[in-house]
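# Overview (structure and organization)
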Amino acid sequence: MKSNTMAGDYRAKPAGRLAAALLCGTFLAGAPLPLFAQEIDEEAPVAAEPAPAPVNDTIRSINIVGAVRLEAQTILSYIRMRVGQEYTSANADAALKDLGATELFSNFSIRNDGGNVVINVTENPVINRIVLEGNKRIKNDKIIPEIKLSPRQIFTRSKVRADVSRIIELYKRQGRFAATVEPKMVQLAQNRVDIVFEISEGPKSKVRQINIIGNEEFSDGNLRGEMVTKQARLTSFFSSNTSYDPDRLAFDQQKLRQFYLTEGFADFRVVSAVAELTPDKRDFIITYVVEEGERYKFGDVTVESQLRDFDSDRMTNNLPMRSEDWYDAKLVEDTVEQLTELAGTFGYAFADVQPQFSPNRENLTMDVNFVLRQVPRVYVERVDVNGNTLTQDKVVRREFRISEGDAFNSLQVARTTARINSLGYFQENFEVSQVEGTQSDRIILEANVQEQPTGELQLSAGFSSIESFILSASIRQRNFRGRGQTVGASVNYSRFSRSAQLSFNEPYLFDRNISAGLDIFRRDLNSFNFVDNSRNTTFEQSTTGFTARAGVPLTEFLSLVGSYTLNYDDVTLDENQFFSDFDGDGIRTCEPIFAGRFLCDALGKRTSSIVGVSLAYNSLNNRQRPSRGQNVTFTTEVAGLGGSVRYVRVRGRAVQYWSVGSGFIFSLSAEGGAINSLENRGIAGEDDVRLTDRFFIGESQLRGFDIRGVGPRVLRQQYVTGSDGEPLLITDRDSVGDDSLGGTAFYLGRAELEIPLGTGARELGLRPSIFVDVGSLFSVTRPVPVDNPNGIQSRDAAGNLLFIEVIPDPDPNDSTTSATSVLTTNAVAADGVTANAANIIPNSRFREVFLGDSAAPRISIGVGVNWNSPFGPFRIDFAHVLKKVEGDDTKTFSFNVGTQF
């Protein structure tokens, strides 16, 4: 086997010689494709000339010599020479040209032996395989489908040449104008060859410089900012718009024109736009020559309505532009759209709004007259649903806000489109199309849908800074049996929480506009605190129950939802860690000195019967990633209609999104809630709202703070014996117990701006944002002192009770009594700090400090990034706390990542 660089031109050779006509050399983008001749086995002889034909020598026979794969009759069909014709030099040359045009032969010749014509041919080799070398940026599966050559085809020069050009074109599309392709051939046995394309991809050709000539009113920097194409700089690392693209060059000319037209330069034009490739073929320099012209103001701006439902004068008074304002072509376009939409709401589906311009070049003013031409009012003749194979027609039709026979209304059609898109059953960017009906005043609305899979089977694993390793599995069908119903089941497991849930939702119960749903769940939660940066499990809560709900729409955007929840809670503590030793009756009890009184009080089994009502307003344009609209929810829940828990809880949340241009999305959100017990438990120093029913906030709700890092809490500080033998209080935050008590009221607020990145970053799924979070958790009953008659009360200089030093039992051999006291006491010091102390073993003392019960706002600012990574959704936040309250736990960095498989 040997390899030769493929050459171009072909020459006729004697029969039997092994030769090939090949393409060779390096083909550069935009360069001509030269053709050369090169022999593979030996030097190529000069082409054999046809022998001079004797006059009136008639062709008696035509024989084909050297054909292996092709039949003789097939070869004869390619030429125009036939038996019985007169043999001449002209028809011999024509036959050679015919054979060359087939590109099936590497050599061919013709001779005449007294009327017996012999044609010698050497067939082109058969391609064994196509090999691509050096291609890293564009993989084989992207190139092979684009080229003409393929295995088992006959090798031809034209196909090689075309494939070289096609490969180079693929690299041009990626901005690699310095790419070269060198085709080579490897000769094999049995007249077979391997075709090798050696590719040198070269660097990506960037836009080194953008020059603008002729601009006087605006700087080069301002105009470059309006263009999609950007200059290659270190700050544009993530942008793909720095590469040269001819289509983008034409688009940028339109962007320049749009910018000048919005600034009043009605006569602006781009004289020329030239892109020059640098000699090293690495970069482009783009030069625009522009002519700004004069700047215009609006002159007389009027509306001329030919529609009877519109008053021209009133519409003129309501126009957004006024005389003497700077001319703005974008404002004119927006006005045309608004007038067209307004006409559509009155039933004029095909309203024709034509702006007429009258420039006054002396006064530099532009008169604009909006003409609403006469068109008939249109009614909906029919609503058609096409393309749905699984989804029932009624599922689509019930989302229509307009019916057959109704007057056409463009706003209702737009709302219909949004509602069908929100189902998530069909293709993205679905739109209801409008087709002329059987009469001029009739219109047909068509929902041409393309169904997409609605079943979801997900297995995921991940790591969270809160939950450590997380495993979850879920299955859900969002369009069960094509009826629009949602059924699902999910299981989640982590080190500190486990849950399982079955759910069902029917959006239209009994084909009426009433939604209904049912959730059955089991949740196991391990609560915790932090001691010395280690997460320490405190109580375990198991909740089993169900929620049934039903909702009715009050208006297009407003709905009312009622719910009933029945929970059975079982709160337990580790008896070996938090319980006392067995007493004389063989009973172990929860010891406040180990767990704290608030934890011991939370123990037990209880049933919660909760009735809830929610009022929800939702006008978001997209439920998954909204860019405009509102979502407001207010919920009231009452527990006590049965069960052992009684309280009333209210919560409210509102969020508003704005698209502020150029891909920026700004949002404001506010949330708050309160809970009030409907029972008096009569426990001194303990809130009537149980610990498990209170609110908790921190990480994710209020970035910059740790999980449960905001609000009332108790720090347990231990006394140890110092080097001098005196008691030493440990106050280091990382070395004391930290128990969050929760609160009965909270509020949260957030302002966030999502920042668009370049195309390359968007393709990676990166969505950064900057944010400001504010919030607080507060209002819980302050602990009160508990007297310990068996202890020695220790007080500070001001006489405030700090802790109790317990006297050991005088008879340690008496097994009926404990060797230590487990009573605890609390007192409020002069500085407002509550102290709580007792001992675990003789002479061991603790001080419990109550902090954080303040409605003062906690404020943080930061940046975050959402990334749809190959491993799954990833969120990372860096936050800096501007304001906090003593006792709050802060946290600068947080992340969450998962993966699907």
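Our structure is the block above this text.
Residues numbered from 1 in each chain as written. Predicted model: local features only at pLDDT ≥ 70, side-chain atom pairs only at ≥ 80, totals over all residues. Heavy atoms only, no water.

## Here we look at the pattern of salt bridges
With the rule as written, the count across this model stands at 35 salt bridges. One salt bridge connects Arg 129 with Asp 194, and the closest N-O pair in it is separated by 3.1 Å. Taken together, the residues Arg 129 in strand β6 (residues 126-133) and Asp 194 in strand β8 (residues 192-200) connect sequence positions 65 residues apart. Its relative accessible area of 5% is what places Asp 194 among the buried residues. Here Asp 888 ties to Arg 858 by a salt bridge, and the two come within 2.8 Å at their closest N and O atoms. Here Asp 888 is found in the loop between β40 (872-883) and β41 (893-900), whereas its partner Arg 858 is found in strand β39 (residues 858-869), with 30 residues between them in sequence. Arg 858 matches Asp 888 in its accessibility class, with the two residues each being buried. (Salt bridge = Lys/Arg side-chain N within 4 Å of Asp/Glu carboxyl O. Helix = DSSP H or I, 4+ residues; strand = E, 2+ residues; numbered from the N terminus. Buried < 20%, exposed > 50% of the residue type's maximum accessible area, 1.4 Å probe, protein only.)

## Notes on the environment of Val 375
Along the chain, the position of Val 375 falls in the loop between β14 (365-373) and β15 (379-386). For the pair Val 375 and Tyr 348, spaced 27 residues apart in sequence, the C-alpha to C-alpha distance is 6.9 Å. Dropping the residues within four chain positions of it, Val 375 is found in contact with Leu 307, Tyr 348, Phe 350 and Ala 351. (Contact = heavy atoms within 4.5 Å.)

## What to know about the sheet that holds strand β10 (residues 269-277)
In spatial order, the strands read β9-β11-β10; together these three strands make up an open sheet with mixed pairing. Every other strand in the sheet has two partners, leaving β9 (206-213) and β10 as the edge strands with one partner each. Direction aside, neighbouring strands of the sheet carry axes that sit 15 degrees apart on average. Where β10 lies against strand β11 (residues 283-291), eight bridges are found, and the strand directions are antiparallel. (Pairing = 2+ DSSP bridges. Axes fitted to C-alpha atoms, helices over the stretch in contact; angles between N-to-C directions.)

## Considering the side chain of Arg 694
Relative to the elements of secondary structure, Arg 694 occurs in the loop between β28 (665-677) and β29 (713-721). Looking at Arg 694, its side chain comes within polar contact range of the main-chain oxygen of Leu 741, at 2.7 Å. In this structure Arg 694 touches Glu 686, Asp 687, Val 689, Leu 741, Gly 742, Gly 743 and Val 780, once residues within four positions along its chain are discounted. (Polar contact = N/O pair within 3.5 Å; in protein donor to acceptor, adjacent residues only side chain to side chain.)

## Describing the packing of aromatic side chains
The relation between two aromatic rings is expressed through the spacing of the ring centres and the mutual angle of the planes. Scanning all chains against the criterion turns up 17 aromatic pairs. With 4.9 Å between their ring centres and 55 degrees between their planes, Phe 695 and Phe 746 make a pair best called tilted. Of this pair, Phe 695 sits in the loop between β28 and β29 while Phe 746 sits in strand β32 (residues 745-754); the two residues are 51 residues apart in sequence, bridging distant segments of the chain. Comparing Phe 695 with Phe 746 shows no difference in burial state: the two are buried. Put simply, the rings of Phe 218, Phe 259, Tyr 260, Phe 265 and Phe 268 touch in pairs and so form one group of aromatic residues. Across from the ring centre of Phe 521, 4.0 Å away, lies the NZ or CZ of Arg 523, which sits over that ring. (Phe/Tyr/Trp six-rings, centres within 6.5 Å; stacked < 30°, edge-to-face > 60°. Lys NZ or Arg CZ within 6 Å of the ring centre and 35° of its normal.)

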